[in-house]
Each structure stands twice: as structure tokens, then as C-alpha cells.
Amino acid sequence: MADVGVWYGQLPRFTRYWLTATVVASLMSRFSILPFHYVYLSRRLVLGEWEIWRCLTSLFVYPLTSSTGFHFLINCYFIIQYSGRLEKEFSRSPADYLYMQIVISAMAVIGGLIFNVSFLMDILVVAVTYVWCHLNKDVIVTFWFGSRFKAIYLPWILAGIELIFHGSVASLIGIFIGHLYYFLKFQYPQDLDGGNFLETPKILKRFAPDISGGMSGFGIPPGNRNNQAPSGGFTSNWGRGNILGR
């Protein structure tokens, strides 16, 4: 148990908060502490009955059953791996990472309302994974049966699997959200000399102050950063028989 406590304490702060809130809220819903019919996202109930809290609960509650438990664990693995690694890249400015999570969560709620997605964990996980993959696009990841490819293709492969085998568009929504954030945060201001529409509010900077100033490693346009990726890169164990799907 001590080893688990040490591992948990070493997770980046906001990744740890996200993982904890998701696990606790999902277990509370599973055991009816949080009534299931009060936590899912519903366009009719949010816009018609003004049950606004569903926009928050649907971000953290996942419907745990005997058939969805494995997928929930895979999503938790992705939070630990990709959110954790992405947050470390924001390590000098934790408020920037927190703001990214807020922006992606807000867009996930909008996407969930439009496409009637009741629980938003899949959207959030894929969106964050997409951002990490594009900031590390030349890193090689390992997928099923030892197949290897660049990280930039991973979100599309996951979305294809989920769409074909489970008929879900949640991963596609996550890809769109992740790309929109990546474009507005990195491509538009750095590659196209546009304005920074996603500048972190000062109130978040006061809540999570910069460490030595600035965002770690992101002063260089993404295209140039890729040339600095170490040979071999990060190898993911996710592809060894684990499917991101319901």
C-alpha cells in the first residue's frame, strides 16, 4: 500500500485530481450514493428543466457495470499516461494546463449536448490524448501485436476502433475538440502569427502560479519541437490487446 501511495502522490497535481474525481464519482454512482438518474447529461433536462449540475457530473461519472468496467480501467490508464505526461510538459505553468482542462471540458459538454452523449469521459480522454499526440507527433507508440507507428495516428486508430466495434462517435468528438484546442493554442498564434485566444486568465495564474515563468517547452512552434523528439520516444503498452471502447 505504501508503494501505491507513493505512486499516487507522484502523479501531476491536476491529473491526480481528475483521476480521483472520476473514480470516486463513478463508484458513488455505481453504489447509488449518487443516484444514476441525476448524473447523466441530457439535452432535455439541462436546457428544458435547467438541471445544470448534469454538465459537471457527466464529466466525472462513468456508468460502471460488469460490461463497462474494463473500458473504464483503460480510460483511467489513458488519464494517467497521457494527461500525466501532458501536464508535465506544462510543468512551468500549471495554470495553463488547468485552463486547457476547463476549455476542453466546456467543449465536451457542448458536444455532448449536441450529439446526445450522456457521459463525457471518453470525449475528455481522447481530446487530451489528441493534444499530447500532436505535441509529440513523431514519437513512436506500440499498438496491437507489436505494430508501431507515430503518435499522431493514435487518436484516429482509437476512434476507428470505437466507431466500428461500438458505434460510438464520442472519440470523434474528442478528436475535434482536441484539434480545435491545439489549433487555437499552438498553431494559430505560433505558425500563423495570430492572436492567442486561449490565454490563461489571471485568476487561474493566482490559483496556480507559474514556476520560473512560462510554459515548459512550448515557446518553439510545434513543427520545430518535433525535430527534438528523442529517438524511440515513448512506448505505450495500451495496444497489447486493450481496446478503447465501451
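Residues numbered from 1 in each chain as written. Predicted model: local features only at pLDDT ≥ 70, side-chain atom pairs only at ≥ 80, totals over all residues. Heavy atoms only, no water.

1. Observations regarding the overall build of the protein chain
Thinking step 1. The secondary structure content of the protein chain amounts to 11 helices and two strands.
Thinking step 2. Reading the helices (α) and strands (β) of the protein chain from amino to carboxyl end gives α-α-α-α-α-α-α-β-β-α-α-α-α.
Thinking step 3. Sorting the 246 residues of the protein chain into buried and exposed places 49% on the buried side.
Thinking step 4. A separation of at least 24 residues holds for 70% of the contacts in the protein chain among residues at least 6 apart in sequence.
Thinking step 5. When the accessible surface of the protein chain is totalled, it reaches about 12,200 Å², and 64% of it is carbon and sulfur. (Helix = DSSP H or I, 4+ residues; strand = E, 2+ residues; numbered from the N terminus. Buried < 20%, exposed > 50% of the residue type's maximum accessible area, 1.4 Å probe, protein only. Contact = heavy atoms within 4.5 Å. Areas by Shrake-Rupley, 256 points an atom, 1.4 Å probe, with all protein chains shown as cover.)

2. Remarks on the packing of helix α7 (residues 121-135) against helix α8 (residues 154-166)
Thinking step 1. The N-to-C vectors of α7 and α8 enclose an angle of 155°; their axes lie 9 Å apart at closest approach. If you check the angle between α7 and α8, you find them roughly antiparallel. Across the interface between the two elements, Asp122, Thr129, Tyr130 and Cys133 of α7 pack against Leu154, Pro155, Trp156 and Glu162 of α8. (Axes fitted to C-alpha atoms, helices over the stretch in contact; angles between N-to-C directions. Parallel < 35°, antiparallel > 145°, perpendicular 65-115°, else oblique.)

3. Remarks on the UniProt feature "transmembrane region" (unreviewed entry) in the protein chain
Thinking step 1. The feature "transmembrane region" (unreviewed entry), as given by UniProt, occupies residues 17-40, 60-80, 101-132 and 152-184 in the numbering adopted here.
Thinking step 2. The span residues 152-184 is 85% helix and 0% strand, and its two end C-alpha atoms sit 18 Å from each other. (UniProt positions renumbered as here; feature names shortened; annotations may be inferred.)

4. Re the nonpolar core
Thinking step 1. Leu86, Met100, Ile104, Leu120, Ile123, Ile177 and Tyr181 are the most contacted members of the largest nonpolar core, which totals 58 residues.
Thinking step 2. For this core, the secondary-structure elements that each account for two or more residues are α2 (13-30), α4 (54-60), α5 (69-89), α6 (94-115), α7, α8 and α9 (170-191).
Thinking step 3. At 11 residues, the largest contribution of residues to this core is made by α6. (Core = buried A, V, L, I, M, F, W, Y, C linked by side-chain atoms within 4.5 Å.)

5. Some thoughts on the packing of aromatic side chains
Thinking step 1. For the structure on display, the rule yields 12 aromatic pairs.
Thinking step 2. Ring geometry for Phe36 against Phe119: centres 5.5 Å apart, planes inclined by 40°, an arrangement best described as tilted. Within this pair, whereas Phe36 is found in the loop between α2 and α3 (43-48), its partner Phe119 is found in the loop between α6 and α7, the two being separated by 83 residues in sequence.
Thinking step 3. The partly exposed category is assigned to Phe36, whose relative accessible area is 42%.
Thinking step 4. The interplanar angle of 65° and the centroid separation of 6.1 Å between the aromatic rings of Tyr77 and Phe78 together place this pair among those described as edge-to-face.
Thinking step 5. Classification of Tyr77 by relative accessible area gives partly exposed; the value is 23%.
Thinking step 6. Members of the aromatic cluster, each reached through a chain of ring pairs, are Tyr77, Phe78, Tyr82 and Trp132.
Thinking step 7. The positively charged end of Arg16 is found above the aromatic ring belonging to Tyr8, 6.0 Å away from the centroid.
Thinking step 8. Directly above the aromatic system of Tyr40 lies the positively charged group of Arg54, at a separation of 4.8 Å from the ring centroid. (Phe/Tyr/Trp six-rings, centres within 6.5 Å; stacked < 30°, edge-to-face > 60°. Lys NZ or Arg CZ within 6 Å of the ring centre and 35° of its normal.)

6. As for the environment of Ser26
Thinking step 1. Mapped onto the secondary structure, Ser26 falls in helix α2.
Thinking step 2. Given the relative accessible area of 0%, Ser26 is considered buried.
Thinking step 3. Taking the C-alpha atoms as reference points, Ser26 and Phe72, separated by 46 residues in sequence, lie 9.4 Å from one another.
Thinking step 4. In terms of polar contacts, Ser26 uses its side chain to reach the backbone carbonyl oxygen of Phe60, at 3.3 Å. (Polar contact = N/O pair within 3.5 Å; in protein donor to acceptor, adjacent residues only side chain to side chain.)

7. Here we look at the layout of surface pockets
Empty pockets left among the atoms are what a rolling probe the size of a water molecule brings to light.
Thinking step 1. Taken as a whole, the largest pocket encloses approximately 250 Å³ of empty space.
Thinking step 2. Lining the largest pocket, in full, are Phe14, Tyr17, Trp18, Leu56, Leu59, Phe60, Leu98, Gln101, Ile102, Ser105 and Leu124.
Thinking step 3. Of all the elements in the fold, those that place two or more residues in the lining of the largest pocket are α2, α4 and α6.
Thinking step 4. Considered class by class, the residues forming the lining of the largest pocket number nine nonpolar, two polar and no charged. (1 Å grid on protein atoms, 1.4 Å probe; cavity = no way out; pocket = protein on both sides within 12 Å on 5 of 7 lines; lining within 4 Å. Points joined across faces, edges and corners; volume = space filled by probe spheres on them. Nonpolar A, V, L, I, M, F, W, Y, C, P; charged D, E, K, R; others polar.)

8. Some points on unusual backbone geometry
Thinking step 1. Located in the positive-phi region is Ser32, a residue other than glycine, with phi close to 65°.
Thinking step 2. Relative to the assigned elements, Ser32 resides in the loop between α2 and α3.
Thinking step 3. Non-glycine residue Trp50 carries a positive phi angle of around 60°.
Thinking step 4. Considering the arrangement of structural elements, one finds Trp50 in the loop between α3 and α4.

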